[in-house]
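Structural description and commentary
Chain residues, written in single-letter form:
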Amino acid sequence: YFIQSNLRAKAAMIIKEVIMNDKQLEDLVKRFENFNTFYKAGGSTHSTADTCLGSILIMCMVVSIPGNLVSLVYFAKQARSGSKTVYDLLYSLTSSTDLCTLITALGPVSVLLGQTDRAPGVFSSPAFCSAWTVAFYFVTRFSLFVVMVISVCRTVAIRSPFHVINKVAVLCSCIGYAAWILAKDAFFIGMGAVSIMSHSDWASCIFTYKPGLGVAYVGFVAVELIVVTLIILANFLLCCYSLLTTPTQSTALAERFRRVSRTIAIFTSLCLACAIPVVLLLILTLERVDMSHEVLKYFRFLSYVFLVILNAALNPVVYMMLMPSYRQWMRNHAKICAGRSENEKGGDQKERDEIAMKEKTEKVQL
């Protein structure tokens with residue numbers, strides 16, 4: 001940024017203040033010169049990787065936005081139809097947050113596939129940058145919390161099969177956590193402890209914190225993510241232990257109970273695989289580990305943005321593969337749509353026949 005803004009004098013002054021020996025100064029000068037040459041050439045040694053990542057995100061959006069819409073309609077109908085279980089409600093919340101996550105992927109895609117290497121693009125607008133950051137980090141944390149609630153409910157069902165989970169209490173806990181996220185972010189942003197800026201490593205916008213109150217904000221977020229992830233992990237292990245140790249029974253009810261447990265175990269394992277790298281990166285950030293290496297820069301983007309979007313894209317696939325009732329509902333609606341198209345083909349002839357019959361009846365009556 002110093003070279004791009006022609007502030008080499010200021011850069012040199014800062015370098016003299018922070019560099020302690022000539023060897024470090026010489027290495028840093030070489031890095032500046034290489035960057036200057038690269039910037040003038042307008043190329044990028046990592047453009048191919050960015051193109052691949054951007055293309056994968058586009059495929060996720062094209063396939064999984066309709067998939068999450070269909071899932072949201074299905075689970076919402078199940079929840080409104082008087083379903084006794086709480087899972088339809090929770091899956092509805094998951095589908096809605098996944099849908100929002102996939103829509104926010106438009107921002108990183110525009111950066112990864114832009115003409116200039118990792119140029120801010122749409123994130124150069126402060127209003128868009130702020131709105132995107134608040135929305136993306138909200139759905140990321142909220143979806144993780146919903147997965148935690150699903151895993152806890154399943155553990156309760158395994159340990160106490162006849163215990164009825166209160167749907168209103170579960171819904172209130174989700175609403176309360178969503179309000180907590182928004183209130184906390186609004187408070188720290190209003191106090192000036194955190195700010196929002198675009199960053200090329202993330203191919204998007206991020207929260208940046210200041211010393212003092214900003215460190216408290218990062219601590220809050222780190223504790224939230226670590227605690228929620230550990231709870232999900234613990235319930236996942238308990239669910240797996242129950243599946244491995246409980247003998248298989250021949251009754252339909254027992255088989256359905258086992259199938260639901262298996263589905264939730266796979267669902268939570270997918271969430272864990274995408275959430276653990278974020279927690280590791282938060283720990284590295286708090287420990288002030290040097291993240292200047294190119295591999296670590298890509299680890300930032302993969303952890304904070306790419307895996308979150310990939311998780312949202314894969315959830316509809318889990319529903320389709322592991323939920324027989326969902327597959328049957330899809331088949332029924334496909335048959336209905338096919339029947340409607342056939343009726344529309346012969347609709348004109350049927351309408352003419354009805355009009356002729358009506359005219360004949362009127363003549364007879366006359």
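Residues numbered from 1 in each chain as written. Predicted model: local features only at pLDDT ≥ 70, side-chain atom pairs only at ≥ 80, totals over all residues. Heavy atoms only, no water.

As a further point, take the packing of helix α3 (residues 47-80) against helix α4 (residues 87-104). Following both chains from N to C, one finds α3 and α4 inclined at 155 degrees, their axes separated by 8 Å at the closest point. By the angle between their directions, the pair α3 and α4 is classed as roughly antiparallel. Remark: the crossing between α3 and α4 carries left-handed chirality. Here C60, M61, S64, I65, N68, L69, S71, L72, F75, A76, Q78 and A79 of α3 lie close against α4, whose contacting residues are D88, L89, Y91, S92, S95, S96, D98, L99, L102 and I103. Considered class by class, the residues forming the contact of α3 with α4 number 13 nonpolar, seven polar and two charged. (Axes fitted to C-alpha atoms, helices over the stretch in contact; angles between N-to-C directions. Helix = DSSP H or I, 4+ residues; strand = E, 2+ residues; numbered from the N terminus. Parallel < 35°, antiparallel > 145°, perpendicular 65-115°, else oblique. Left-handed = near helix turned anticlockwise from the far one by under 90°. Contact = heavy atoms within 4.5 Å. Nonpolar A, V, L, I, M, F, W, Y, C, P; charged D, E, K, R; others polar.)

Looking now at a nonpolar patch on the surface. Together, I58, V62, V63 and L113 make up an exposed nonpolar region whose accessible area comes to about 340 Å². By the secondary structure assignment, V62 is in helix α3. By relative accessible area, V62 is classed as exposed at 58%. (Patch = residues over 30% accessible without salt bridge, like charges linked within 9 Å, V, L, I, M, F, W, Y side chains within 5 Å. Areas by Shrake-Rupley, 256 points an atom, 1.4 Å probe, with all protein chains shown as cover. Salt bridge = Lys/Arg side-chain N within 4 Å of Asp/Glu carboxyl O. Buried < 20%, exposed > 50% of the residue type's maximum accessible area, 1.4 Å probe, protein only.)

Take the packing of aromatic side chains next. Here the structure, examined in full by the defined rule, presents 25 aromatic pairs. When the ring of W132 is compared with that of F136, the centres are 4.7 Å apart and the planes differ by 10 degrees; the resulting orientation is stacked. Of this pair, W132 and F136 both sit in helix α6 (residues 126-159), four residues apart, which is roughly one turn of that helix. F136 shares its class with W132; the two are buried. Aromatic side chains Y326 and W329 sit 6.4 Å apart centroid to centroid with 25 degrees between the ring planes, which places their arrangement in the stacked category. One end of the pair, Y326, and the other, W329, are both in helix α11 (residues 324-345), three residues apart, so they sit about a helical turn from each other. (Phe/Tyr/Trp six-rings, centres within 6.5 Å; stacked < 30°, edge-to-face > 60°.)

The next point concerns the state of the cysteines. If you walk through the whole model with that rule in mind, you get one disulfide. Paired by a disulfide, C129 and C205 hold their sulfur atoms 1.8 Å apart. Taking the torsion about the S-S bond as the criterion, the C129 to C205 disulfide, at about -125 degrees, is left-handed. Remark: C205 occurs in strand β2 (residues 204-209) and C129 occurs in helix α6; sequence separation between them is 76 residues. C153 forms no disulfide, and the closest cysteine sulfur to it belongs to C174, at a distance of 8.5 Å. Accessibility expressed as a relative area gives 6% for C153, which makes it buried. C274 takes part in no disulfide bond, and the closest cysteine sulfur to it belongs to C271, at a distance of 7.2 Å. (Disulfide = S-S within 2.5 Å.)

So, about the nonpolar core. Within the largest apolar cluster, 82 residues are counted, with the highest numbers of intra-cluster contacts made by L90 and Y91. Looking at this core element by element, the count peaks at 17 residues for α6. Residues contacting Y91, with those up to four places away along its chain left out, are F75, I150, T263, I264, F267, Y319 and M323. (Core = buried A, V, L, I, M, F, W, Y, C linked by side-chain atoms within 4.5 Å.)

Quick look at the environment of D185 now. Structurally, D185 can be placed in helix α7 (residues 167-190). Exposure remark for D185: the relative accessible area of 3% places this residue in the buried category. For the pair D185 and V134, spaced 51 residues apart in sequence, the C-alpha separation works out to 7.9 Å. Sequence-distant contacts of D185, defined by excluding residues within four places in its chain, comprise R141, F207 and Y217.

Here the focus is the packing of α4 against α7. Where α4 contacts α7, the two axes come as close as 10 Å, and the packing angle between them is 20 degrees. What the angle tells us is that α4 and α7 run roughly parallel. The crossing of α4 and α7 is right-handed. Between α4, through L89, L90 and L93, and α7, the contact on the second element is made entirely by K167, V170, L171 and C174. The residue inventory of the contact of α4 with α7, partitioned by class, reads six nonpolar, no polar and one charged.

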